[in-house]
Structures are given as structure tokens and as C-alpha cells.
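# A structural walkthrough
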Amino acid sequence: MWWRRTLSRSCRWCLGCRHSGAKRIWSFHYRALRSAPAVPAGRITALQALDIWKRHFEEEGVTEAEQSSQYIIAHLLGAKTIESVERQRLTEFLSKEKMEEVWQLCSRRLSRMPVQYIIEEWDFRDLTLKMRPPVFIPRPETEELVELVLTDLKSRSADTETRQTCLEVGCGSGAISLSLLKSLPQLEAFALDRSQDAVDLSRENALRLGLQDRLRVYHMDVIKDAERILGLFSSVSALVSNPPYLFSEDMASLEPEIFRFEDHAALDGGENGLTVIRQILTLASDFLLNSGRVYLEVDPRHPPLIQRWVEENVEGLQYVETQNDISGRPRFCILQKAVT
Ligand code: GLN
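Residues numbered from 1 in each chain as written. Predicted model: local features only at pLDDT ≥ 70, side-chain atom pairs only at ≥ 80, totals over all residues. Heavy atoms only, no water.

As annotated in an unreviewed UniProt entry, the protein carries the name peptide chain release factor N(5)-glutamine methyltransferase and is attributed to Cyprinodon variegatus. UniProt, in its Catalytic activity (unreviewed entry) section for the protein, records the words "L-glutaminyl-[peptide chain release factor] + S-adenosyl-L-methionine = N(5)-methyl-L-glutaminyl-[peptide chain release factor] + S-adenosyl-L-homocysteine + H(+)". (UniProt positions renumbered as here; feature names shortened; annotations may be inferred.)

Given below as C-alpha cells:
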């Protein structure tokens, strides 16, 4: 049986409680030097280890205590979720080496390292991707963005044999481009990121998934390298991005998992979160085919601001619509290049 890995939306991924507030940040620093529970002298089972670490995480204020211990221990037992580990394996004694590994990996979670970085992989739609700090960990909302792009691209292509091309700005681990490539065999993708770590990880994930022949990844910054990028891409069918879109003022109150471990450049969108978004929209019509579309994941405060800004500042690009995420928040913007 296959079990899907998810961490709850209501914790680190949820916009509503993502910002922990100054109090939490201070309490985090105050409690930064946490120690692991003593390694048991005798032998213990996986179930006992799960219980020890769940309780320890709870006592130390580590979020998603139970899920954290379950994902880490399942991973060390060669499974994705604890539910998919045979009951017998959970009730037999762990070897000394396995127990040391449990203590080593679970101790990392005490520093609030995200589970995804500890186990070095995570699922995104139907893909398992390698994860490595500080490359941005894809969020559930971005799975919805991919779904939306897939549906729209499929409905817009008259026949499924037509070759389509996609450009992704800020690819991180490669999640968006690789998912699109996996579902659309006729698609070719180009992806860029300003971080060499992200470029390396995207390439590694493409290779692991056997999608490297249809993905080219470039180490480029959409603002600093605009001229070079314009020289490289034209006539793409779709431009997709989950850009850095947080308002700078909100950065200081992010959860420790995000603030301490993820690349701030992949999150901080400047004063009103629009710095990279505006640059993408300024360049968009030069990249796109006639009627080609831009698909963006944004902050729920952004869609009306983006619509107004495009209408006032960008020729040749029309705002098509805003779509909500699963929680009902305006989250995705679709724009289209006018036919010239
Ligand atoms: N949604 C992300 C978060 O919750 C931010 C994504 C981004 O800036 N691209 O932290």
C-alpha cells in the first residue's frame, strides 16, 4: 500500500499561522540549545522510539511533534510513512546502529530543521524529489498551481502532439517544471534560478526522474540577467513561477523552520512582495508566443495589485483571471499575451 506524505497545512504551510510573531521568535532563541533525550541503555522497539521522540518534541515545543518522529523513523525503516511499515517491524528491537541513526536524525529536528531536509526528500504530486537546504521546499499550494497549469495547457493545445514549451522563473528543487514534464510528454521546459544550489538540485532531480532530456536549467537572476535571458527565450507557450512573494516586513516573523533553513532570496519579494513579480510581468510578453500565458502563485493580497499594475504599466499583456487555492484564498494569477 502506498501512503502519501503530507505535513499539515495548519502549521508551517498555512499562511494564517505561518508568522509566529515576535514572541515565538524570542522564545525560539531562548530555547535554542536543546538536548536530545538520553539514548536508552537497553534495546527498544521502533514504537518505543516513536513515543520517546514524540513526547520529547512536544516538551521542547517542536511543531508537528508526532508527524516529525513518524516521518523520520519511517524513513530510517525504508518507508515513506509509518502506516506503511509492517506492524512486526515496529514491534521488534532496533539494532544499536538504527537506534543511533534515529537519535542523530531526530536531534536535528530539535534545531527546527524541517523534516524534508532531515530525510533529504519529499513528495510533490506524483514525484519524490531530493531536498537539500537552503533550497526552497515546495508547498502544497504549488501542487495546485501545477494542476491549474496542466489543465489550462491541455485545454489550449488543439492536439496533444503539438510541442509546447514552458519557462519557469525561480525553479528551486525543480518541482514545478518536473511535474509538468512528467504529465505532458510533448512539453519541453527551461528553468532558471539565481541560486546555484537550486540549479544543482533541479538538475539532480531531473536526472533521478529521467526527465533531463526535456529540461534545461540556467543559473540566472531574472532581475540582474534580464538582457541575457531575453536573448535566450522567445516564443514559449507558458511562463510559470512561484516567485519570492512575501512582504519583506513579514520575513522576521516566519516560523523558525523557514527563517533559519530556507533561502531568504526564494521567499522575500521586497517591500510589498512584488519586486520579482513585476520583473517577470515586464519581460513576459517578450518570452511568450501570441496568446501564451503567465501562471503565477502569489500572496492573497496581490491579485488586485497585480491586475492594476499590469493595466497601467505593461503593454501587450492582459490579466485573465485570479483563481483561489484550496483554502479559498486568491492565490493564482493568469495573464495572457495579446495577439500582435
Ligand atoms: N508560500 C510560501 C510560504 O509559505 C512563500 C512562497 C514564496 O514566497 N514563493 O512561506
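### What about the packing of aromatic side chains?
The relation between two aromatic rings is expressed through the spacing of the ring centres and the mutual angle of the planes. Overall, the coordinates contain six aromatic pairs when judged by the stated rule. Taking the centre distance of 5.3 Å and the plane angle of 80 degrees together, the rings of Tyr-71 and Trp-122 count as edge-to-face. Of this pair, Tyr-71 sits in helix 4 (residues 65-76) while Trp-122 sits in strand 1 (residues 121-124), and the two are 51 residues apart along the sequence. For the pair Tyr-71 and Trp-122, a shared accessibility class is recorded, and that class is buried. Summarising the aromatic geometry, the rings of Tyr-218 and Phe-233 are spaced 5.3 Å apart at their centres and angled 90 degrees between planes, so their arrangement reads as edge-to-face. Taken together, the residues span a long stretch of sequence, with Tyr-218 in strand 5 (residues 215-219) and Phe-233 in the loop between helix 11 (226-232) and strand 6 (236-241) at a distance of 15 residues. (Phe/Tyr/Trp six-rings, centres within 6.5 Å; stacked < 30°, edge-to-face > 60°. Helix = DSSP H or I, 4+ residues; strand = E, 2+ residues; numbered from the N terminus. Buried < 20%, exposed > 50% of the residue type's maximum accessible area, 1.4 Å probe, protein only.)

### Examining the side chain of Ser-179
Tracing the sequence through the fold places Ser-179 in helix 9 (residues 175-183). Residue class for Ser-179 comes out buried when judged on its relative accessible area of 0%. Ignoring any residue separated from it by four or fewer positions in sequence, one finds Ser-179 in contact with Phe-124, Arg-125, Leu-127 and Val-146. (Contact = heavy atoms within 4.5 Å.)

### Quick look at the packing of helix 8 (residues 140-156) against helix 9
The N-to-C vectors of helix 8 and helix 9 enclose an angle of 40 degrees; their axes lie 10 Å apart at closest approach. In terms of orientation, helix 8 lies oblique with respect to helix 9. Considering only the axes of helix 8 and helix 9, their crossing is right-handed. Here Thr-142, Leu-145, Val-146, Val-149 and Leu-150 of helix 8 lie close against helix 9, whose contacting residues are Ile-176, Ser-179, Leu-180 and Ser-183. Partitioning the contact of helix 8 with helix 9 into residue classes produces six nonpolar, three polar and no charged. (Axes fitted to C-alpha atoms, helices over the stretch in contact; angles between N-to-C directions. Parallel < 35°, antiparallel > 145°, perpendicular 65-115°, else oblique. Left-handed = near helix turned anticlockwise from the far one by under 90°. Nonpolar A, V, L, I, M, F, W, Y, C, P; charged D, E, K, R; others polar.)

### Some thoughts on unusual backbone geometry
Cis geometry marks the peptide bond from Pro-133 to Pro-134, where omega comes out at 5 degrees. Mapped onto the elements, Pro-134 comes out in the loop between strand 2 (127-130) and helix 8. Of note, the phi angle at Arg-125 is positive, near 50 degrees, even though the residue is not glycine. One can find Arg-125 in the loop between strand 1 and strand 2. Judged by relative accessible area, Arg-125 falls into the buried class, the value being 18%. Unusually for a residue other than glycine, Ser-235 sits at a positive phi of about 60 degrees. Structurally, Ser-235 is set in the loop between helix 11 and strand 6.

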